[in-house]
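Fold and geometry: a report
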Amino acid sequence: MVTDLSNLSAASLLAIPEHSPERLFGGGADDIKKAFRLLAMKWHPDRNSEAGAHRVFQHIKCLYEKSAERLEARGGGVLQLAAVDGKHYEINYLRCHRFELGSMYVAGTVAAFVIDLAHADLVEAAERMIRKLDYADDRMRQQIAPHLPASPFAGAFRTAHAWVIVMRKRPDQLLLRDVLEHLGGRLHPRHVAWVVSSLLNLCCYFQHAGIAHNALSLDTCFLSPPDHSVAVLGGWWYAARLGERMTAAPASTIEWAPHGLLDRKRADIRTDLELVRAIGRALLGDIGGSRLERDGAAPQAMIDWLRLPASSSPIDEYRTWRTQVLHDSFGARRFAELPLTQSDIYAVDPR
Amino acid sequence: MGGARWDEDDWKRTAKATVGKRTEDIFTSSGMHPKLNPYGVVRESRDSLVNPDSNAIIIGLDVTGSMGMIADAMAREGLGTLVEEILKRKPVSDPHILACGIGDSYHDDAPLQITQFEADIRIADQLKMIWLEKGGGGNSHEGYHLPWYFAAQHTQIDCFEKRGRKGYLFTVGDEEPPEELLAKHARAIFGDTLQRNLSMAELLTMVSRMYHVFHVVVEEGSYAQSYLPRVLKKWKALLGQRVLRLKDYRRLAEVVVSAMEVNEGRDRDTVANSWSGDTSVVVAHALGSLPATRMGALRELVRF
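Reading the values: rules and limits
Residues numbered from 1 in each chain as written. Chains lettered and ligands numbered in written order. Predicted model: local features only at pLDDT ≥ 70, side-chain atom pairs only at ≥ 80, totals over all residues. Heavy atoms only, no water. Helix = DSSP H or I, 4+ residues; strand = E, 2+ residues; numbered from the N terminus. Rg over C-alpha atoms; globule rule 2.2 N^0.38 Å. Buried < 20%, exposed > 50% of the residue type's maximum accessible area, 1.4 Å probe, protein only. Areas by Shrake-Rupley, 256 points an atom, 1.4 Å probe, with all protein chains shown as cover. Lys, Arg positive; Asp, Glu negative; His and termini not counted. Charge placed at Lys NZ, Arg CZ, Asp CG, Glu CD. Contact = heavy atoms within 4.5 Å. Pairing = 2+ DSSP bridges. Axes fitted to C-alpha atoms, helices over the stretch in contact; angles between N-to-C directions. Parallel < 35°, antiparallel > 145°, perpendicular 65-115°, else oblique. Left-handed = near helix turned anticlockwise from the far one by under 90°. Nonpolar A, V, L, I, M, F, W, Y, C, P; charged D, E, K, R; others polar. Buried area = accessible area lost by both parts, 1.4 Å probe. Salt bridge = Lys/Arg side-chain N within 4 Å of Asp/Glu carboxyl O. Polar contact = N/O pair within 3.5 Å; in protein donor to acceptor, adjacent residues only side chain to side chain. Bend = angle between axes of the 7 residues up to and from the residue. pLDDT = per-residue confidence, 0-100. Phe/Tyr/Trp six-rings, centres within 6.5 Å; stacked < 30°, edge-to-face > 60°. Lys NZ or Arg CZ within 6 Å of the ring centre and 35° of its normal. Core = buried A, V, L, I, M, F, W, Y, C linked by side-chain atoms within 4.5 Å.

Summing up its helical and strand segments, chain A has 14 helices and 12 strands in all. The C-alpha atoms of chain A give a radius of gyration of 21 Å, which matches the 20 Å a tight globule of 351 residues would have. For the C-alpha atoms alone, the extent of chain A along its principal axes is close to 65 × 55 × 40 Å. Expressed as a percentage of its 351 residues, the buried residues of chain A come to 56%. Carbon together with sulfur atoms contributes 49% to the accessible area of chain A, which is approximately 15200 Å² in total. Side chains of chain A give 42 positive and 41 negative charges; the mean places of these two sets differ by 1 Å.

The helix and strand tally for chain B stands at 12 helices and 11 strands. Its C-alpha atoms give chain B a radius of gyration of 18 Å, within 12% of the compact-globule value 19 Å for 304 residues. Overall, chain B is about 50 × 40 × 40 Å in size when its C-alpha atoms are taken along their principal axes. For chain B, with 304 residues in total, the buried portion stands at 62%. In chain B, 79% of the contacts between residues at least 6 apart in sequence involve partners at least 24 apart.

Residues and elements named next belong to chain A. Reading across from one edge, 7-9-10 is the order of the three strands in this open sheet, with antiparallel pairing throughout. Sheet topology places strand 7 (174-175) and strand 10 (229-232) at the edges, where each strand pairs with a single neighbour. Note: strand 9 (residues 221-224) against strand 10, four bridges, orientation antiparallel. In the sheet register, Phe 222 faces strand 10, and the bridge partner there is Ala 231. On top of the sheet, helix 7 (residues 189-209) reaches strand 9 and strand 10; it is set at about 50° to strand 10, its chief contact.

So, about the packing of helix 1 (residues 8-16) of chain B against helix 3 (residues 68-89) of chain B. Residue and element names in this part refer to chain B. Here helix 1 crosses helix 3 at 165°, and the two axes come no closer than 9 Å. Compared by their axis directions, helix 1 and helix 3 come out roughly antiparallel. As for the relative orientation of helix 1 and helix 3, their crossing is left-handed in sense. Contacts between helix 1 and helix 3 involve Glu 8, Trp 11 and Ala 15 from the first element and Met 74, Ala 75, Arg 76, Glu 77, Leu 79, Gly 80 and Glu 84 from the second. Split by residue class, the contact of helix 1 with helix 3 holds five nonpolar, one polar and four charged.

With that out of the way, let us pick up the interface of chain B and chain A. Facing the 34 residues of chain B at the interface are 43 residues of chain A. Of the roughly 3200 Å² buried between chain B and chain A, counting both surfaces, carbon and sulfur atoms make up 54%. Linking Asp 47 of chain B and Arg 55 of chain A is a salt bridge whose minimum nitrogen-to-oxygen distance equals 3.2 Å. At the junction of chain B and chain A, the tally comes to 17 residue pairs in polar contact (both at pLDDT 80 or more). It is helix 8 (residues 200-208) of chain B that provides the largest number of residues to the side of chain B that touches chain A, a total of five residues. Of the residues belonging to the side of chain B that touches chain A, the class tally is 15 nonpolar, seven polar and 12 charged. As paired elements, strand 12 (residues 248-250) of chain A and strand 11 (residues 301-303) of chain B share three bridges and run antiparallel to each other. Each residue of the ladder has a partner; that of Ala 249 of chain A, found in strand 11 of chain B, is Val 302 of chain B.

Moving on, we come to the packing of helix 7 of chain A against helix 10 (residues 269-283) of chain A. All names here are of chain A. Look at helix 7 against helix 10: their axes get within 10 Å of each other, and the N-to-C directions meet at 170°. It follows that helix 7 is roughly antiparallel to helix 10 by the angle criterion. Where helix 7 approaches helix 10, its residues Val 192, Val 195, Val 196, Leu 199, Leu 200, Cys 203, Phe 206 and Gln 207 are matched on the opposing element by Ile 269, Asp 272, Leu 273, Val 276, Ile 279, Gly 280 and Leu 283.

Attention now goes to the pairing of strand 3 (residues 102-107) of chain A. Residues and elements named next belong to chain A. Summarising burial for strand 3: six of the six residues are buried, a large majority. Strand direction decides the pairing type here: strand 2 (residues 88-99) and strand 3, joined by six bridges, are antiparallel. Along strand 3, the bridge assignment pairs Arg 98 with Ser 103. Sheet analysis places strand 3 next to strand 4 (residues 110-116), joined by five bridges and oriented antiparallel. Directly across from Val 106, in strand 4, lies its bridge partner Ala 111.

All names here are of chain B. Strands sit in the order 4-3-2-6-9-10 across an open sheet of six strands; the sheet is mixed. Every other strand in the sheet has two partners, leaving strand 4 (112-114) and strand 10 (243-246) as the edge strands with one partner each. In this sheet, neighbouring strand axes are inclined to one another by 20° on average, regardless of whether the strands run parallel or antiparallel. By the bridge criterion, four bridges tie strand 9 (residues 211-218) to strand 10 in an arrangement that is parallel. Across the sheet, His 215 pairs through a bridge with Val 243, a residue of strand 10. Set on the sheet, helix 3 makes contact with strand 2 (55-62), strand 3 (95-102), strand 6 (167-173) and strand 9; between it and strand 2 the angle comes to about 160°.

Right, let's talk about helix 3 of chain B for a bit. The largest bend in helix 3 of chain B is about 65°, located at Ala 75 of chain B. Just beyond helix 3 of chain B, the residue with positive phi is Lys 90 of chain B, at close to 55°.

Our focus in this paragraph is the confidence of the model for chain B. For chain B, per-residue confidence averages 91 on the pLDDT scale, and residues scoring 70 or more make up 96% of the total. As a predicted assembly, this complex carries a pTM of 0.84 together with an ipTM value of 0.84.

The final tally for this structure, using the stated rule, is 21 aromatic pairs over all chains. Where Tyr 149 of chain B meets Phe 190 of chain B, the ring centres are 4.9 Å apart and the plane angle is 40°; that geometry is what we call tilted. Of this pair, Tyr 149 of chain B sits in helix 5 (residues 145-154) while Phe 190 of chain B sits in helix 7 (residues 183-190), placing them 41 residues apart in sequence. Three or more aromatic residues link up through ring pairs in this structure, and these residues are Phe 25, Phe 36, Phe 57 and Tyr 64 of chain A. Directly above the ring of Trp 305 of chain A sits Arg 277 of chain A, whose terminal nitrogen or CZ lies 3.7 Å from the centroid. Just above the ring of Tyr 227 of chain B sits the side chain of Arg 230 of chain B; from NZ or CZ to the centre is 4.7 Å.

What follows concerns the nonpolar core. Buried together is how nonpolar side chains tend to be arranged in soluble globular proteins. Ranked by internal contacts, the top residues of the largest apolar core, which has 124 residues, are Trp 236 and Trp 237 of chain A together with Trp 148 and Tyr 211 of chain B. Within the second largest apolar cluster, 53 residues are counted, among which are Met 67, Ile 86, Ala 124 and Val 271 of chain B.

Further remarks concern the side chain of Arg 95 of chain A. Residue and element names in this part refer to chain A. In this fold, Arg 95 is placed in strand 2. Arg 95 gets classed as buried once you look at its relative accessible area, which sits at 6%. Within the local environment of Arg 95, its side chain forms a polar contact with the backbone oxygen of Ile 345, the two atoms lying 3.4 Å apart.

Below, the structure is given as structure tokens:
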């Protein structure tokens, strides 16, 4: 979040994208309100006769409203669900996120997905896909399985209006979207590096398993700061076997996947590889990638790799990333501690 | 760039100055103007007080062989039509236009020339600075991929950075797309170091992150006249319905504006019929089966 609000120029305020309101308004409800008041005092057209003040004020207002909306969605609570078989469930969740099929409730040890009944086919496909995930040997299982949903799910049931899928997670596993927001819209490139490494490793497994996940994003991946690992828990509704016809995809996939995906509609590992790059760019604060260099968001080698297209081989991608890009970007490997816990992200809200 | 407004009177004066002149009297450069050299530069389309909701539009014109007729038509009439119809029909607001001269990356001295993004008469002045090299290599393609790479790697546009709205990129010519961008060409033309060559599909993935990409096939071009099915097949394999067939090169501006209107969600037939006389026929032919897809509608879930 920007701290010295009164010195911000019109151009720098207008340069804050609408999708990153946290770059201007961070903290809790009171902080946001206070910051907005301060900015309004300076930029409200009744108080500021500069040409363009009206536009700046409108932009600030828009960012404020988006921040307030996000804050509204932040609060935790208790999710009460009545299954059609008569059982009742309660989940103490930390944060709720709307997504294209329904809502995701992030709790300490589970993530619950409440999905509209209209998408029952996607839920069934995800269950089938996750159940069939197999591994070449125990070593691979030990290395990969902790980063994928466990089968059977912790819970799977129907209510009158929705399917509910409950997946286990560890308390140290934090949704990427929440981490990014908590850190003000940008991660240090060293942390982005291990997130990308972890995801590329999973892509190598996806290819081994003959599948494409098709929805890697900030809203489907959870990172573990102590482990330096990423778990892919959400988005399995769109997974498909490589070469087979896809049923659906979220708009974020369509936006960043290789061109022609919509035409072919076939699962392709390049989609996952492109989405890994998009995640890397998003974590550096610019999913489009055009500002990364100007902002000095990361070492040049890393920026170049994130902006260029993915090849079709996860193994080649992983090898190039580890042996060339990371080396050129950071030199010798060293552990970069990310001191971040669940309570940092979900319990600091003063409301 | 792009910090001024279009003035119809400026354009009238500029267009009038071309009357009775030969192409070589309008396009007088005999080499690439240093200001149009893409080597090591970035082009910016920025919001300003007079253009607060800018939208970046790139028009890449093939200037090899006889294709110089396209640039000529744009300098005489097309550019004015393009800007004025965008301002009138508003497929997007506050257009910032960048024009490119496209040559052959294998053989030409100026494989790519680029103006700034401009919103006023300066775009006409810079368009006329383009060197009509009239080269081309006797191969079956021209450097249509060069504006793609340049747009992806060397432009910064507020419409996308601030509002998440993609810009528009149109390439125009009569030949086939090349197979790939060679790393050595990227080095020579842009000063960039690529670890490997990039295929057209890869380039399209890159540029499509920030731009809606279209290609206009000039059916009157000599190559297209001889090999039209092959040209269309190769372009459609890349761009699908975003390949526009232009049967009257003097109507390029109307076709570009119409494609933008349809892409922004307007009905294709209504757009075609909004033009008068022969232009309507040319536009309908160009739009083909281009679907009306409002980007705002691309939200949430896409079912295949």
